[in-house]
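# Commentary on secondary and tertiary structure
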Amino acid sequence: MLHAHERFVASGPLRIWTERVGDPGLPAVLLVTGSAAQGVSWPDVLVGRLVERGVQVIRFDHRDTGRSSVVDFDAHPYTIGDMARDCLAVLDGHGLSSAHVAGTSLGGMIAQWLGVHAPERVRSLTVMASSLMGHDPRPGWARARAGEPADPDDLPPPSPAYLAHLDAGLPPGVESDVALFRVFNGPVRPFDERAAREMLELALSRATDPAAAANHFRAVWMDDPDLLAPLSSITAPTSIVHGDQDPVYPLGHGEALAAAIPGAVLHVVPGMGHVMTSPGLPEEVADLIRL
């Protein structure tokens, strides 16, 4: 059982829910989750494993998820950069000048933003199941769906199983989310449906407005010149953790990230998909987070 301390911190006019586990005097790991996901999507066993490694761990709900503030996106649109500034507000709210930053999927892009634009706040970077900050995959996706030849600049498109799930148009809810996580898990490692369902039910129960999380998909495509900054400027020690069965960002995305960030180390996790819903995988990933 993790002994956690919850706190709301201010990010401008927004309230961001945070949770700290571990000794506040130790170096911190900031866990940044993916699009539409809450802080509770980080498995407790991963958090506990990190604490065993001698750090404190902070996870939080992005704006428009969980117990954090809901935003009227039409009136106040925001960008990936704004979500990254929420991360800095979380560090400020806990009195932290810097932290090891580990982000997955969209959280990995936010982690890259922090590495480029707030290097003094980043002790190390771990980018998981993600892609290049500022890379627009939509033209490549369209070519793949149309059966057209790939452009040399295209990164690998999502798996047919993931595209089929998107095209199925399932109604929102836990059952649809469980089906999505089954696809996210990939076909190689066993899917822990019970654990996934429990997490998704918990997330639904604590969401102020479950529909608001869809704003993240709008934020991703907002113009933001900061996203075009070269990743070669990242100076933090960086690890790329990527599964060879990722259906959203196939392994080529992780390889491109490792090539773009100076000195980055690529850890390919056999059988891993886009999430950590397979027994033993959270502990395995926790041991790869750079400290």
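Because the structure is a prediction, the values reported are computed rather than measured.

## Examining the overall build of the protein chain
Counting secondary structure elements, the protein chain contains 10 helices and 8 strands. Relative to the 2.2 N^0.38 estimate, which gives 19 Å for 291 residues, the radius of gyration of the protein chain is 18 Å and therefore close to what a compact globule would have. Once the C-alpha set of the protein chain is aligned to its principal axes, its extents read approximately 55 × 45 × 40 Å. Classification of the 291 residues of the protein chain by burial places 54% in the buried group. The contacts in the protein chain between residues at least 6 apart in sequence include a share of 72% that link residues at least 24 apart. For the protein chain, the computed accessible surface area is about 12,400 Å², with 55% contributed by carbon and sulfur atoms. Computing the positive centroid from 21 side-chain charges and the negative centroid from 35, the protein chain places the two 5 Å apart.

## Details of the sheet that holds strand S7 (residues 238-243)
An order of S1-S2-S4-S3-S5-S6-S7-S8 is seen for the 8 strands of this open sheet, with the pairing classed as mixed. Edge positions in the sheet fall to strand S1 (4-11) and strand S8 (265-269), since each has one partner strand and no second. Averaged over all neighbouring strand pairs, the angle between strand axes comes to 20°, with direction disregarded. In this structure, strand S2 (residues 14-21) lies alongside strand S4 (residues 56-60), joined through 4 bridges in antiparallel fashion. Its bridge partner lying in S4, Thr18 is registered against Phe60. Helix-sheet contacts for helix H3 (residues 106-117) involve strand S3 (28-32), strand S5 (99-104) and strand S6 (122-128), and the interaxial angle to S5 is about 145°.

## So, the environment of Pro172
As for its placement among the helices and strands, Pro172 is situated in the loop between helix H5 (160-168) and helix H6 (174-185). Judged by its relative accessible area of 81%, Pro172 is exposed. Between the C-alpha atoms of Pro172 and Ala211, which are 39 residues apart in sequence, the distance is 9.0 Å.

## Points about the packing of aromatic side chains
Counted according to the given criterion, the structure contains 3 aromatic pairs. Feature note: the residues Tyr162, Phe181 and Phe184 constitute an aromatic cluster, connected by ring pairs. Sitting above the plane of the Phe8 ring, Arg15 keeps its charged end 4.0 Å from the centroid. The residue whose ring lies beneath Arg206 is Trp17, and the NZ or CZ to ring-centre distance is 4.4 Å.

## Let's talk about the nonpolar core
Within soluble globular proteins, side chains that are nonpolar tend to cluster in buried spots. Among the nonpolar cores identified, the biggest contains 61 residues, and Leu30, Ile110, Leu114 and Leu231 are the most heavily contacted of them. Sequence-distant contacts of Leu231, defined by excluding residues within four places in its chain, comprise Gln112, Val116, Leu132, Met133, Leu257, Ala260, Ile261 and Pro262. If you look at the next biggest cluster of nonpolar residues, it comprises 19 residues, including Leu50, Val55, Val57 and Val285.

## Remarks on H5
Taken as a whole, H5 has its buried residues at Tyr162, Leu163 and His165. Along the axis of H5, the buried positions cluster into a sector of 155°, meaning they face one direction only. Exposed residues on H5 whose side chains face more than 90 degrees from its buried face are Pro160 and Asp167. In this structure, the buried side of H5 is in contact with helix H4 (138-145) and H6. Two residues or fewer past H5, Gly169 is found with a positive phi of approximately 60°.

## Some words on the UniProt feature "domain: AB hydrolase-1" (unreviewed entry) in the protein chain
Within this numbering scheme, the UniProt entry marks residues 27-275 as carrying the feature "domain: AB hydrolase-1" (unreviewed entry). Each end of residues 27-275 is marked by a C-alpha atom, and these two atoms are 26 Å apart; helix forms 37% of the span and strand 14%.

## So, helix H7 (residues 193-205)
Between the first and last C-alpha of H7 there are 18 Å, a value that for 13 residues agrees with the 18 Å anticipated at 1.5 Å per step. The set of residues buried in H7 consists of Ala196, Met199, Leu200 and Ala203. Buried residues of H7 fall within an arc of 95° about the axis and therefore sit on the same side. Exposed residues lying more than 90 degrees from the buried face of H7 are Arg194 and Ser205.

The rules behind these values
Residues numbered from 1 in each chain as written. Predicted model: local features only at pLDDT ≥ 70, side-chain atom pairs only at ≥ 80, totals over all residues. Heavy atoms only, no water. Helix = DSSP H or I, 4+ residues; strand = E, 2+ residues; numbered from the N terminus. Rg over C-alpha atoms; globule rule 2.2 N^0.38 Å. Buried < 20%, exposed > 50% of the residue type's maximum accessible area, 1.4 Å probe, protein only. Contact = heavy atoms within 4.5 Å. Areas by Shrake-Rupley, 256 points an atom, 1.4 Å probe, with all protein chains shown as cover. Lys, Arg positive; Asp, Glu negative; His and termini not counted. Charge placed at Lys NZ, Arg CZ, Asp CG, Glu CD. Pairing = 2+ DSSP bridges. Axes fitted to C-alpha atoms, helices over the stretch in contact; angles between N-to-C directions. Phe/Tyr/Trp six-rings, centres within 6.5 Å; stacked < 30°, edge-to-face > 60°. Lys NZ or Arg CZ within 6 Å of the ring centre and 35° of its normal. Core = buried A, V, L, I, M, F, W, Y, C linked by side-chain atoms within 4.5 Å. Arc of directions from axis to C-beta. UniProt positions renumbered as here; feature names shortened; annotations may be inferred. Expected span 1.5 Å × (residues − 1).

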